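Here are the chains, one letter per residue:
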Amino acid sequence: LQCSCTRSSLASFIKYLELEQLRFGDDLRVAYEIECTEFLLPTLTLQPLVENAVRHGVRGTEEGTGTVTISSCEFEDRWNVTVADDGAGFAPAKLPDDERLHVGLANVRERLRLVCGGDLYIESQPGQGSRVTISIPKTAGGSR
Amino acid sequence: MRAFAIDDEQAMLDELHEAIVAAELSAEVHDFKRAKPAITAIKCGCVPDVVFSDIELPGMSGLVLASSLKEAAPDTKIVFVTAYPDYAVEAFRLHADGFVVKPVEMARVREELDALFESSVETPPSKLSVRCFGSFDVFFGASPVMFSRTQAKELLAFLVDRVGGTCTWQDFGIPDDDIAVIVKAIKEAEADKQDVKQEVKQETQTNKGGNPLSEADVEQIIWNNGYGEVVSMLQVQLNDGQWYWEVTTRGSDGSQKTWVIDPAGNISNVDVN
């Protein structure tokens with residue numbers, strides 16, 4: 001099973017975030033801006049991004065507090081799912097230095113390309129938070 | 001005892017706090033969700049005896065905390081609390097004083113505290129101390145010494161005051177007549193004690209049996225005969241109804257021999273060759 005519907009993916013990481021909120025209380029805020037769920041998403045693509053946003057983004061700052069925002073929206077040719085945080089951020093160009101981050105994000109990008117011809121976009125700067133977007137093309141069989 | 005509890009997760013912090021209090025009821029526990037405020041508190045003079053800290057903390061990790069702590073409060077002990085036993089090696093490389101794996105149990109906290117403060121906090125000093133300020137009191141360790149006579153306590157207080165200098169009964173203010181009475185009482189008490197000792201000795205003698213030779217006599221006989229050193233001796237009653245000493249000796253060549261000594265002091269070897 002390489003893809004699961006976005007609705008069930010959402011359900012599982014909402015649970016995950018609820019658990020993290022139990023641990024960190026008010027230190028971790030979560031916002032959802034889900035506009036569409038009627039598309040298929042390769043498995044194990046969203047979860048690592050959400051974990052990164054909590055562990056390295058929000059918990060990586062001096063204060064250890066922040067907000068993780070998860071959004072999805074539909075375009076003419078694709079669906080986008082974005083995981084954003086206002087936490088520590090990182091320099092995307094420097095990624096190869098940090099093996100753990102590098103491997104995680106590279107894996108997700110590779111999966112997206114192989115499974116549905118999708119891609120991963122990273123916008124981040126140290127201290128400015130980060131914004132990682134999964135893009136699923138409608139043409140490559142991702143559509144229902 | 002003052003302790004710091006540091007954990008960024010409220011639930012874990014509560015658990016840690018409760019475990020410390022349960023392990024050491026007298027502990028004054030301060031909670032921190034970050035390492036930095038804890039260091040600030042120490043720099044402001046609130047120095048704990050021990051810090052229980054999570055390792056993964058936002059801003060400043062517990063491992064960095066350990067090194068700052070060694071600078072700010074060298075005498076403060078640090079015990080790491082973590083869900084990841086893999087951190088243990090790294091923790092001890094930074095000279096952690098202890099390590100507890102989550103979930104934190106009261107018994108484990110107690111163990112760590114015992115290991116850290118065994119000599120200094122848990123056991124009160126077992127020596128005699130005298131307190132002169134206020135009412136005069138003498139303590140052995142933590143408990144006061146009871147005097148059966150007030151005069152004895154007064155006398156001790158007087159002698160303590162003289163710090164080893166010469167003093168007479170007159171200095172203490174006891175009339176000569178009373179001294180005579182006291183000395184007589186002491187002598188009588190001593191005599192009583194002697195009597196008791198004598199009786200006890202006699203009783204043990206009779207209980208032991210009928211051999212009139214004492215243990216010292218037996219050793220003398222063995223010595224006189226050059227049989228070596230005595231390893232053991234006991235009294236046995238043989239078929240003739242008499243009590244004999246049965247003695248085991250070790251000769252200069254290391255061989256053991258058994259001897260029997262009759263009430264008259266005659267010694268014979270009973271080893272089966």
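In this report, the structure presented in the accompanying data block is examined. (Residues numbered from 1 in each chain as written. Chains lettered and ligands numbered in written order. Predicted model: local features only at pLDDT ≥ 70, side-chain atom pairs only at ≥ 80, totals over all residues. Heavy atoms only, no water.)

## Brief notes about the pattern of salt bridges
Counted by the stated rule, this structure contains 24 salt bridges over all chains. The salt bridge partner of R78 of chain A is D77 of chain A, with a shortest N-O separation of 3.3 Å. For D77 of chain A, a relative accessible area of 43% translates into the label partly exposed. Residues K102 of chain B and D54 of chain B are paired through a salt bridge, measuring 3.7 Å at the closest nitrogen-oxygen approach. In this pair, K102 of chain B sits in the loop between β5 (98-101) and α5 (106-122) while D54 of chain B sits in strand β3 (residues 50-54), placing the two residues 48 residues apart along the sequence. What makes K102 of chain B buried here is its relative accessible area of 15%. (Salt bridge = Lys/Arg side-chain N within 4 Å of Asp/Glu carboxyl O. Buried < 20%, exposed > 50% of the residue type's maximum accessible area, 1.4 Å probe, protein only. Helix = DSSP H or I, 4+ residues; strand = E, 2+ residues; numbered from the N terminus.)

## Focus on the interface of chain B and chain A
The interface is formed by nine residues belonging to chain B together with 10 residues belonging to chain A. Summed over both sides, the interface between chain B and chain A buries roughly 740 Å², with carbon and sulfur atoms accounting for 26% of that surface. Remark: the boundary between chain B and chain A carries five salt bridges. R23 of chain A is the salt-bridge partner of E9 of chain B, the closest N and O atoms lying 2.5 Å from each other. Connecting chain B to chain A are six residue pairs in polar contact (both at pLDDT 80 or more). Classifying every residue of the side of chain B that touches chain A by side-chain character gives one nonpolar, two polar and six charged. (Contact = heavy atoms within 4.5 Å. Buried area = accessible area lost by both parts, 1.4 Å probe. Polar contact = N/O pair within 3.5 Å; in protein donor to acceptor, adjacent residues only side chain to side chain. Nonpolar A, V, L, I, M, F, W, Y, C, P; charged D, E, K, R; others polar.)

## Focus on the nonpolar core
Core analysis: the largest hydrophobic core is formed by 29 residues, its most contacted members being L46, L49, V50, V68, V83, L120 and I134 of chain A. Looking at this core, the elements that each hand over two or more residues are α1 (6-24), α2 (46-58), β4 (66-74), β5 (78-85), α3 (99-116) and β7 (130-137) of chain A. In terms of residue count, the dominant contributor to this core is α2 of chain A (six residues). Residues contacting V50 of chain A, with those up to four places away along its chain left out, are F13, Y16, L17, I70 and V83 of chain A. Counting 24 residues, the second-largest nonpolar core is a separate cluster that includes A41, M60, I78 and A96 of chain B. (Core = buried A, V, L, I, M, F, W, Y, C linked by side-chain atoms within 4.5 Å.)

## A short note on the packing of α1 of chain A against α2 of chain A
All names here are of chain A. Between α1 and α2, the least distance of the axes is 11 Å, while the angle of their chain directions is 15°. The orientation of α1 relative to α2 falls into the category roughly parallel. As α1 runs across α2, the sense of the crossing is right-handed. Touching F13, Y16, L17, E20 and F24 of α1 are L46, Q47, V50, E51 and V54, all from α2. Partitioned by chemical class, the residues of the contact of α1 with α2 number seven nonpolar, one polar and two charged. (Axes fitted to C-alpha atoms, helices over the stretch in contact; angles between N-to-C directions. Parallel < 35°, antiparallel > 145°, perpendicular 65-115°, else oblique. Left-handed = near helix turned anticlockwise from the far one by under 90°.)

## Quick notes on the state of the cysteines
In a disulfide, the sulfur atoms of two cysteines are covalently bonded to one another. Residue and element names in this part refer to chain B. Scanning all chains against the criterion turns up zero disulfides over all chains. Here C44 is not disulfide-linked; the sulfur of C46 is the nearest cysteine sulfur, at 8.9 Å. For C44, a relative accessible area of 66% corresponds to the exposed category. (Disulfide = S-S within 2.5 Å.)

## Overview of the sheet that holds strand β10 (residues 243-250) of chain B
All names here are of chain B. The strand order across the open sheet built from four strands is β9-β10-β11-β12, with neighbouring strands paired in antiparallel fashion. The open sheet is flanked by β9 (229-237) and β12 (267-269), the only strands paired with a single partner. Ignoring strand direction, the axes of neighbouring strands in this sheet form an average angle of 25°. Bridge count for β10 against strand β11 (residues 256-261) is six bridges, and the pairing is antiparallel. In the strand pairing of β11, E246 is matched with V260. (Pairing = 2+ DSSP bridges.)

## Here we look at helix α1 (residues 10-23) of chain B
All names here are of chain B. Counted at 1.5 Å a residue, the expected span for α1 with its 14 residues is 20 Å, and the 20 Å between its end C-alpha atoms agrees. Along α1, the residues that are buried comprise L13, L16, A19, I20 and A23. Down the axis of α1, the buried side of the element spans an arc of 130°, and every buried residue falls inside it. (Expected span 1.5 Å × (residues − 1). Arc of directions from axis to C-beta.)

## Some words on the layout of surface pockets
Residue and element names in this part refer to chain A. In this model, the largest pocket occupies a volume close to 650 Å³. When contributions to the lining of the largest pocket are tallied by element, the ones reaching two or more residues are α1 and α2. Top contributing element to the lining of the largest pocket by residue count: α1, with four residues. The residue inventory of the lining of the largest pocket, partitioned by class, reads 11 nonpolar, five polar and 11 charged. (1 Å grid on protein atoms, 1.4 Å probe; cavity = no way out; pocket = protein on both sides within 12 Å on 5 of 7 lines; lining within 4 Å. Points joined across faces, edges and corners; volume = space filled by probe spheres on them.)

## Some words on empty space enclosed by the protein
All names here are of chain A. Summed over all chains, the structure comprises one cavity of 30 Å³ or more. Estimates place the volume of the largest cavity at around 40 Å³. Around the largest cavity, the lining residues are T6, L10, F13, I34, L46, I70, S71, S72 and V81. When contributions to the lining of the largest cavity are tallied by element, the ones reaching two or more residues are α1 and β4. Of the residues in the lining of the largest cavity, the class split is six nonpolar, three polar and no charged.

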